[in-house]
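Results of the structural survey
The residues making up each chain are set out below.
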Amino acid sequence: MHKYFLFLFVCPLTSCNFNSHLSVPLSLPGRRPLYLFRFYSSPANIVAPPSLRSVGISRSIDRPIRGLLSLDLTPAAPSSVVLRSRVRVFGMEGGFKSKGLASLMAARRSLHSSLDRSRVLASALDRAGPRLTEIQLRLPSLEASVRPIRARREALGSSAGHIDRAVGPAAAVLKVFDAVHGLEPSLLADPLADLPAYLSLLQRLEEALRFLSDNCGLAIQWLDDIVDYLSDNLLIDSRFVSFLKSSLESLKSSSAPLDGGLLVAALDKLEGEFRRLLDDNSSPLPMASSRDNTIAPSPLPVHVIAKLQAILERMDANRRLDRCVAIYVDVRCSNIQASLRSLDLDYLEITLAEFDHVQSIQVHIDKWAGHLEFAVKHLFEAEYKLCADVFERAGPSELWTGCFADIAARTGILSFLRFGKTVTESKKDPIKLLKLLDIFNSLNKLRLDFNRLFGGKACAEIQNQTRDLIKRVINSACEIFGELLVQVELQRPNPPPSNGGVPRLVSFITNYCNTLLGDDYRPILTLVLVIQRSWEQKKFHESLLIEAIVNIMKAVEANFENWSKLYEDAALSYLFMMNTHWYFCKNLKGTKLGELLGDTWLREHEQYKDYYAAFFFRESWGKLPSLLSREGLILLSGGGRATARDLVKRRLRAFNENFDDMYQKQSRWVISDNDLRVKTCHTILQAIVPVYRSYMQNYGPLVEQDASASKYVKYTAEGVEKMLGALFQHKPERSMSLTPRQSNGKVIPASVSQYHTTSNIV
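Residues numbered from 1 in each chain as written. Predicted model: local features only at pLDDT ≥ 70, side-chain atom pairs only at ≥ 80, totals over all residues. Heavy atoms only, no water.

Per an unreviewed UniProt entry, the protein carries the name Exocyst subunit Exo70 family protein and comes from Platanthera zijinensis. Quoted verbatim from the Sequence similarities (unreviewed entry) heading of the UniProt record, the comment on the protein is "Belongs to the EXO70 family." (UniProt positions renumbered as here; feature names shortened; annotations may be inferred.)

Below you can see the structure in the form of structure tokens.
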């Protein structure tokens, strides 16, 4: 350690100048520099400046002081003493009084402590060097940022108002964005828990989005304008301007939804709730529950309908009503199809090629009428009202009528109409006329319902197919009815029944016409004829129907008159005429057809029956009694016994041969009416049995004693009676019906088929 001496001299001065020579180093030979300071102070109380106080010179002096201070200074940290007072460096003086030595030693210690602190400060300054370098590097950018401050004062003054006006709308938009974000948890929850609250939140979201939609563009425009203002007036750095403009352009061109897809998610939730409400409250309607002919109640409870309406209101506000309509149609179609599925409607899909004959679809037509009435009056009626209730507040009437039309078309109404069309395209059988009238009657009873349910524009396809079906039914019915007379006339050349019974054509036509004139079919047939004549712009008169029926019956009469001439056996011809006339007389009395033809007509047939019965007896059994003549037997009874025996044998042989031949033939003949058969057999018995019994009683013994008696006495009177009583009984056989022949696709007159039955037509 080196010793240095510092001489301090303080003397009073009134003033002095302070210059940058804070410390003056003095170089001494062979020693480190000495710092010499001279202090001047006013006589007043002098307080040492902070730099001197740090080295221990901190007392007040009022007189000059001289002192010698020896300091130990290290080479690593040269010291300097900064005196912020009036200081002047002077030359070193020698000699101090011992009186001030103690004070100088104290100062020495203070200065030594101050130098240590100076070394710490120097180290801190060394470490601060890199930071100062960094600050120096940042100064250009700071200078660029501060540069706008040099803008015009008026521009700077007005910028605050412009910025406030631009930031205000943007702040309001951001506040609404925050509100939308707050709705997210509730709107992503299931609306089942509280649907009204959910709908209220959704409405708030819609209002917020409308606000954002209306104001986001305005806020961006305001921000765009203020950025242009700041840029034009050089109030902000150009790089910052570029960044702001890029951000604003991104906002303008963004296609992302303002709510981040929250509205779409909420509407999807509502769609799911809409479907759930329909699924949970829809159930098939069984046909058994509708047989009381009352209109079914609404398929959905009132509170469910109210919820559906509330959902539809929100969907309509967001232009998603069509999706709810599709959901509604899908669910309700499934429900109606489930109701119809239990009815076993497979027959509706039968093709024309699958019809063997008209009778094969008769049972289907009966079911068709009942199923169609159930579908229209119960299923579609209830669905029509439900569509109106659910969608009445969601839009115009075309909305719910179109929805109903879609449901009706997809759930089977068109299948019912197509089945009717298939029936009209089948073979033109007279029995088909009754089935066509059944179809027309079913459609006519549902006419008002059809017009009300399917009368809108949306149901145009159903209307067209219904009109087409009605047109086909009416035209086919009138065609069959008009051709019936021709078909009867063309049966005339065909052979009559070989057993002499009533022809199937006769029984069929009489029953058929009687059915057409009955209370069930006559009004329907009349209406069909009226409509058909109106299409031809012709008037209909009731006499047209009556004349047509009378002409048909006259054609039938002409037919069996002609058929009677085709028999080679006259007795069989008379039996046939007796049967047929009696059939008219007995079966038409008291019927609609009998009333139409009149009592005179019926009495004439009864007289014809008696007339032909007499001829039948005369040409057949009436000839037998004369074969048992007693002529010649009385005269020979005395002495010509052998001659009488031969005569009896010849007459019994002739009787037996004729009886056997007649019985053999007529045992295959038929008298259709049992009363007429009993009466006819009784007449024959009364004519044959008494004569035969008397003859055998009187002359039988002549033959019975002969060895060949069995050749002549073949029957007893009781045996003959039994055989005759069993005649003309009906034997089951295939009957005849009137069926049409088709050639080249055209209907031609019918022929008699012995392989087809129509016994089920009444």
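What follows picks up the thread again.
1. What to know about the environment of Leu-685
Within the secondary structure, Leu-685 sits in helix 23 (residues 674-704). Take Leu-685: its relative accessible area is 15%, and that puts it in the buried class. The spatial distance from the C-alpha of Leu-685 to the C-alpha of Met-723 is 9.7 Å, given a sequence separation of 38 residues. Beyond its immediate stretch of four places on either side in the chain, Leu-685 contacts Pro-690, Val-720, Glu-721, Leu-724 and Gly-725. (Helix = DSSP H or I, 4+ residues; strand = E, 2+ residues; numbered from the N terminus. Buried < 20%, exposed > 50% of the residue type's maximum accessible area, 1.4 Å probe, protein only. Contact = heavy atoms within 4.5 Å.)

2. Observations concerning the pattern of salt bridges
Enumeration over the complete set of coordinates arrives at 26 salt bridges. One salt bridge connects Glu-425 with Arg-472, and the closest N-O pair in it is separated by 3.5 Å. Of the two residues, Glu-425 sits in helix 12 (residues 413-425) while Arg-472 sits in helix 15 (residues 460-489), which places them 47 residues apart along the sequence. The salt bridge partner of Glu-619 is Lys-623, with a shortest N-O separation of 3.9 Å. Lys-623 sits in the partly exposed class, given a relative accessible area of 45%. (Salt bridge = Lys/Arg side-chain N within 4 Å of Asp/Glu carboxyl O.)

3. Quick word on the side chain of Arg-314
By the element assignment, Arg-314 lies in helix 8 (residues 302-317). With sequence-adjacent residues up to four places away left out, Arg-314 is seen in contact with Leu-199, Leu-202, Gln-203, Glu-206 and Leu-270.

4. Focus on the state of the cysteines
For the coordinates displayed, the defined rule picks out zero disulfides. A disulfide-free cysteine, Cys-403 has its sulfur positioned 4.1 Å from the sulfur of Cys-387, the nearest such atom. Since its relative accessible area comes to 2%, Cys-403 is described here as buried. (Disulfide = S-S within 2.5 Å.)

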